[in-house]
Amino acid sequence: VRYEHNGKVTVLADKFDGKPYNAPNDGCVHPDGGIWFSDPGYGSLMNYEGNKGELLLKEAVYRIDGPGKVLRVLGNDAVNRPNGVLVSPDDRYLYVADNNNNTEGGARKLWRFDLRADGSVDAASRKLIFDWVDARGPDSVVAFDIAPPPATLQGVRHRLIDLTLPAADQRLLDAFVEEEVDTVF
């Protein structure tokens, strides 16, 4: 939804292929106006949002390109349970936090995908940036407009990790805390 200056609520997207989304989660806005968002099954697979039931859509990442124009840009063949999404500040990459903490052996990874000049995602370019293996996985992904551009993972409970992604994709774990947190730093 979008909240207008006059207080009116505008629904930008509530269905894909005639089916309601599972539980739209995290999103980001691209400089061209496109809105990227993840739709994991959190709200349907458990009583997390009070709507437990069968998934009507496969978990995926979507992009809203205008009124009534929604594209599925990544399906669960590319990501297991998409959570945080981020278009890099230089518009070259889409980062996706793939977080299936509730399933033994489920994904707990941060992926990077190349973006084509037309804004579409090259799913075949998928690159693993970090794998939490069996630890609590990633949540939201945030970038700041500084050089080199970092992505910060927030809301990672039990292990707070500030993962900086320099241009060369060198990984630097700045903080590691053994307590329950839900913050951005």
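As the structure is a prediction and not an experimental result, all values here were calculated from the model.

Q: Lay out the side chain of Ser-88 with the relevant residues and their values.
A: Mapped onto the fold, Ser-88 is located in the loop between β9 (82–87) and β10 (93–99). A polar side-chain atom of Ser-88 sits 3.2 Å from the main-chain amide nitrogen of Arg-92. When neighbours within four sequence positions are excluded, Ser-88 is seen to be in contact with Tyr-93 and Tyr-95.

Q: Kindly report on unusual backbone geometry, identifying the contributing residues and their values.
A: For Asp-17, which is not a glycine, the phi torsion comes out positive at approximately 50°. By secondary structure assignment, the location of Asp-17 is in the loop between β3 (15–16) and β4 (19–20). Judged by its relative accessible area of 63%, Asp-17 falls in the exposed class. Positioned with a positive phi, Asp-91 is a non-glycine residue whose angle comes to about 60°. Secondary-structure assignment places Asp-91 in the loop between β9 and β10.

Q: Lay out the sheet that holds strand β7 (residues 60–66) in plain terms, naming residues and giving numbers.
A: The four strands are arranged β5-β6-β7-β8 in an open sheet whose pairing can be described as antiparallel. Of all strands in the sheet, those bounded by a partner on one side alone are β5 (27–29) and β8 (69–74). Adjacent strand axes in the sheet meet at a mean angle of 20° when their direction is disregarded. Taken together, the five bridges between strand β6 (residues 35–39) and β7 define a ladder with antiparallel strand orientation. Note that in β7 the partner of Asp-39 across the bridge is Ala-60.

Rules used throughout
Residues numbered from 1 in each chain as written. Predicted model: local features only at pLDDT ≥ 70, side-chain atom pairs only at ≥ 80, totals over all residues. Heavy atoms only, no water. Helix = DSSP H or I, 4+ residues; strand = E, 2+ residues; numbered from the N terminus. Polar contact = N/O pair within 3.5 Å; in protein donor to acceptor, adjacent residues only side chain to side chain. Contact = heavy atoms within 4.5 Å. Buried < 20%, exposed > 50% of the residue type's maximum accessible area, 1.4 Å probe, protein only. Pairing = 2+ DSSP bridges. Axes fitted to C-alpha atoms, helices over the stretch in contact; angles between N-to-C directions.

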